[in-house]
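Architecture at a glance
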Amino acid sequence: MSDAKVYLLGNARLESEYTSWSFHLDQRLQLMAYLALQQVWVPRAQLQTLLWPDCPAPLIQNRFRQLLSRIRKLTQLPPLEIERIRLRWHIRTDMSEFEEAVHQGRWQEALDHYGGPFLEGMDADGEYSSWLERERARLAGLCRVAVIKRAEQFGQQGAHLAAADLLSPLLDGDELDEEALSLQVDAFLQAGGHQRALQACRSFVERLDYEYHLAPSAELAALQQRIQSGPQNTSEQLWMRASTPAATTFRFPDLPMRPGPCIGRDMEIAEITVYLSRPECRMLTLTGPGGIGKTRLALEAAHLAAEEASECVCFVRLEALTTSAQIVPAVAEALRLPLAGPADAAEQVTRVFADNQTLLVLDNFEHLLDGAGVVLTLLQACPRLRLLITSRESLDLEPEWLVPINGLDCPDAGTTDHTTGQYYDAVLMFLDRARRTWPAFAPGPAEFPHLATICQLVGGSPLGLELAAAWVRFLPLHEIVVELQQNLDFLDSARRGVNERHRSLRGVFTHSWRLLSPAQQQVLCHLSVFRAGFRLPGARQVATASAKVLADLVSKSLVQLGPDGRYQVHTLIRQYLAEHLQASPEDWRRVHNLHSDHYFSLLFKEGKTVEERGEPYTLGALDEELENLRAAWSWALTAGSPGELRPSLTRWAQFCEWQAGFQEGVRSFTEAVHLLTRRGHDVQEVLGDALMQQAWFTLHQGQTVAAQALALQGLAFTAPGDQTPMSAHRVLGIVDHAIGQYEESATHYRRAAELASAPALASQRAAFLTNLSGEVAALGRYDEARKYVVEAQKLYRTLDMKAGLASTLAMQGHLATLAGQLDQAQAVLEEGLTLARKYDGYVRVLHVLHCLAEVAFCRSDYAQARRLCEEQLALVQSQDNEVFSVAALLLLSRISGALRADLKARAFFDRGLRLALSSGKWPRVLEGLVYLAEWRVNQGQPLEAVLYCRAALDHPATEDRFRRLAAHLLASIEDYEVAQTPSETRVTTQVLTLESLIAQALFHLGQTTS
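Residues numbered from 1 in each chain as written. Predicted model: local features only at pLDDT ≥ 70, side-chain atom pairs only at ≥ 80, totals over all residues. Heavy atoms only, no water.

Per an unreviewed UniProt entry, the protein chain is named AAA family ATPase, and its organism is Deinococcus detaillensis.

Quick look at the structure:
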């Protein structure tokens, strides 16, 4: 672990190439921190006295041995060097790097190393406590020096606001630091922030008087007088945002980190702040060419707004989106909304913004201009929402305000004035970027004219500066100038009326492009089809890129290689390369086909794993490729042949299910239906497939009626003998089951099983047979149900699909329970639970747990039944599954009733019935009604029980097992006359609808509970 480094400033931790580990704040850290700081051999006696100054010698030695033994167990740490009378720990620390940077005057580097107080949060006793406080004070003093020196540098660079902000922590930490106050006030005044300077000074004086009862010193009084007599700045709201803090219960995700200082943009940030402070400005768009720094400015403005705590802030990147229909889902994804349940993305996003004072940043909107209406809709629906947008062109909306963003200020080309020229913003940006790749880069006065010319040639574009600066490792500045001048023809393009900064950026790309070999150019062009990065296998298959060619492109700063081994092509470079690729339509189509084939092959591979081995899908392998998968999906829809599209649709639907991404499924297949409808008659059967998949995902959004209509519409496009209607019959079977039409549901599952008769569809046939067994069991045809289960089990065992086998075991156990064969039921269900836990996500686990709980109830083992139901509920709550929530709550109510725990029974009945009613699951409502009747009988309230039993017997959605229980309850009521009073009871149940009866039952439950 030679690369290991210990961080002791702020959060104490160790980091290396292979691990990151946080220390516990105990004596192990105290000893290791002391040794890490010394970096030399330390006598044992010195360490023992430091840690236990008042303990007897034998006790100290014993404690020291125990401490060293505990440290040796920390195998993730580089070991201590331990000798008989001394110890040493030679390791890199952030403290040594911090102190070295301070002593060498590298102030920004020093501040970057200072992560917080030394051993933050650590408490100690005795000698160690005294040493710890001395070190903290010493290091804080060095940090103060670094802050003041860095603030002075900011002031020399004209970044006065940055200097003032940097000095604020000094005043927060030491309210009597007049030197820091004086420097901050001067910085505010230099930046034109007279009101902020005056406010800072007044606050300091007021703290002196209120907290310390001290009058200001002569120097401080003079400073205050100088500010008060100075010119007044009426644009106070340039610096002070007058808005009230947002009160919100929704936690907005953290903003993306600032990538570094926002060099040379003080005036732009101030202008953006002014506009955003105006109530009439609810939509501000930063416009300018690509690479000009719009995103960096928007991110800085977002952080400033968040730091003022005046509003919530959400930052949304749009660059990976392909259609405007993805804008609102992208916002929802940035907010980390679950998008589960019937509410769509627009409703949930609108609800969040309606409740919170929010600044929404939409970055890179230029390719989604047809979605400008989405922006307008959000503004109209959310009065407390404001928008900050970056785009290469205006959205052309009525409420839009524009701030054009230009290049950084540059010295004149060829200027020799190194003294003043080095402080131009473009020069500072170039130097900052160059030193990231070559820290020793320090051009002298003789090289400065070439640096100034480079800044001019790229038009002060931050991206152009960054790409040009990457070449300092390979070429001297004057050769970079020659290459840029030969390839850009910058001034000529300006004379032809081409946007100067845009042409300069293209010139940087063209310069890099012409330095590539033909093979490198071809590979780079082909890489432009990737979205959000790629890995080496994908580059090899799609772009025929070898590892060496990729390494060459990385070295030329045209491709970036991340620490995770993933390659990236900058979005703007990718757009430039796409133009070259589109120049050859045949090559363009071929590469997109290769890209689509590659990513669908990944889907097919994962699908085969799931279907053939029954192993659960883990998201990690494909999660990082989501944008590439979406691009492959869109290409397949527009260019794929019908024969290729049909299996692709199946795999894409499976992928959406793997992620539990039903919202993604609805979006994807809605898009598919739209595009396929436009393609015409040749894809009619594929359109039918897409409609049936859309129905499936719509069903999981709780839209039963819409799903049923889509499934029927999809069936209309299928040809005779086609097997794809299986998915439509599955949807229709689920819909019919939800409303209690078991015979109709069984018909659909039976038809689906018949369509899946081919050997290649054996897994689907087994699933349909399992569903079919449940429907015929609900009708009371148990022998027929067992026949279907046996056949499904045989198929799953032949296919060695463990997850599917778990489903059939759950159904087999359920049927055995109904037949009173509890030992057999217990055995098969335990086998099913083992398989479900190992090979499935959670649905089959829930099913088996519930069946086992019913077995325990039938055995009168109520404690075990309750434990299983509680485990089921805990799992349900993490997945938001209403069906199993209702089942668990109703069984818990039955268990509580059997235990005479009436208060708990009432509570479970109330929750279960309300949830069943709200979800529209009438079979579960009737199940709860029968259980409620059973409880009322046990309570001695037979009349109410009769009402519930007769309602269940009269309703067609009541399952056979609950019909039998209701009939048994009626027969068991001892008061024969009550049970046989149809003139009263029948009239009551005829007058009351089922909804009214449930409402009455809930009223009585609530009344009793209260």
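Some remarks on the packing of helix α38 (residues 802-818) against helix α39 (residues 822-839)
Cut-off, in case you're wondering: In this description, a line fitted to the C-alpha atoms serves as the axis of each element, helices being fitted only across the stretch in contact, and the angle between N-to-C directions of two axes falls anywhere from 0 to 180 degrees. For the purposes of this entry, the term helix denotes a DSSP run of H or I that reaches at least four residues, the term strand denotes a run of E that reaches at least two, and both are numbered from the N terminus. Any angle that is under 35 degrees is reported as roughly parallel, and any over 145 degrees as roughly antiparallel; angles of 65 to 115 degrees are reported as roughly perpendicular and all others as oblique. Helix crossings get a hand from a simple test, with the near helix turned counterclockwise from the far one by less than a right angle marking a left-handed crossing and a clockwise turn marking a right-handed one. In what follows, residue pairs with any heavy atoms lying within 4.5 Å of each other are defined as contacts.
Packing of α38 against α39 brings their axes to within 8 Å, and their N-to-C directions diverge by 160 degrees. One finds that α38 runs roughly antiparallel with respect to α39. In this structure, α38 meets α39 at a crossing whose hand is left-handed. On α39, the residues that touch Lys802, Ala803, Leu805, Ala806, Leu809, Ala810, Gln812, Gly813, Ala816 and Thr817 of α38 are Leu822, Gln824, Ala825, Val828, Leu829, Glu831, Gly832, Leu835, Ala836 and Tyr839.

As for helix α24 (residues 536-543)
We apply this condition: Exposure is judged per residue with a 1.4 Å probe applied to protein chains only, and the accessible area is read against the type maximum: over 50% gives exposed, under 20% gives buried, and values in between give partly exposed. Working definition: the arc comes from the directions between the helix axis and the C-beta atoms, pointing outward to the latter.
Gly538, Ala539, Val542 and Ala543 are the residues of α24 that are buried. Taken down its axis, α24 places every buried residue within 100 degrees of arc, on the same side. Positive phi shows up at Thr544, right after α24, with a value of about 50 degrees.

As for the sheet that holds strand β5 (residues 81-82)
In a beta sheet, neighbouring strands pair by backbone hydrogen bonds and run either parallel or antiparallel. Note the cut-off: Strand pairing is assigned whenever DSSP identifies at least 2 bridges connecting the two strands.
If you walk across this open sheet you meet the 3 strands as β4-β6-β5, and the pairing is antiparallel. Two strands lie at the open edges of the sheet, namely β4 (42-43) and β5, each paired on one side alone. Bridging between β5 and strand β6 (residues 86-88) involves 2 bridges; their strand directions are antiparallel. Residue pairing for β6: Glu81 is matched across the bridge by Arg88.

Notes on the packing of aromatic side chains
The geometry of an aromatic ring pair is captured by two quantities: the separation of the ring centres and the angle between the planes. Test applied: Any pair of Phe, Tyr and Trp rings, taking the six-membered ring for Trp, is counted once the centres come within 6.5 Å. Such a pair is stacked with planes under 30 degrees apart, edge-to-face with planes over 60 apart, and tilted for the rest.
According to the stated counting rule, one finds 18 aromatic pairs in the structure shown. For the pair Phe669 and Phe697, a centre-to-centre distance of 5.7 Å together with 15 degrees between the ring planes defines the contact as stacked. Of this pair, Phe669 sits in helix α31 (residues 662-679) while Phe697 sits in helix α32 (residues 684-699), and the two are 28 residues apart along the sequence. Taking the relative accessible area as the measure of exposure, Phe697 reaches 0% and is therefore buried.

Re the environment of Arg961
We count it as follows: Whenever two N or O atoms come within 3.5 Å, that pair is a polar contact, provided that in protein one can donate a hydrogen and the other can accept it, and provided that, for residues adjacent in sequence, both atoms are side-chain atoms.
Position of Arg961 among the secondary structure elements: in helix α46 (residues 960-972). Considering only alpha carbons, one finds Arg961 and Ala777, 184 residues apart in sequence, at a separation of 8.6 Å. Engagement of the side chain of Arg961 in a polar contact is seen with the side chain of Glu854, the distance being 3.1 Å.

Some thoughts on the nonpolar core
The tendency in soluble globular proteins is for nonpolar side chains to be buried as a group. For clarity, the cut-off: Side-chain atoms within 4.5 Å are what join buried Ala, Val, Leu, Ile, Met, Phe, Trp, Tyr and Cys residues into a set we call a nonpolar core.
Counting 75 residues, the largest nonpolar core has Phe23, Leu119 and Tyr128 as the members making the most contacts within it. Examining the composition of this core, we find that 11 residues originate from one element, helix α6 (residues 126-156), more than from any other. Once residues lying within four places of it in the same chain are set aside, the contact partners of Leu119 are Leu8, Gly10, Ala12, Leu29, Ala33, Tyr128, Leu132 and Arg136. Residues Leu527, Ala632, Phe655 and Val686 belong to the second largest nonpolar core, which totals 67 residues.

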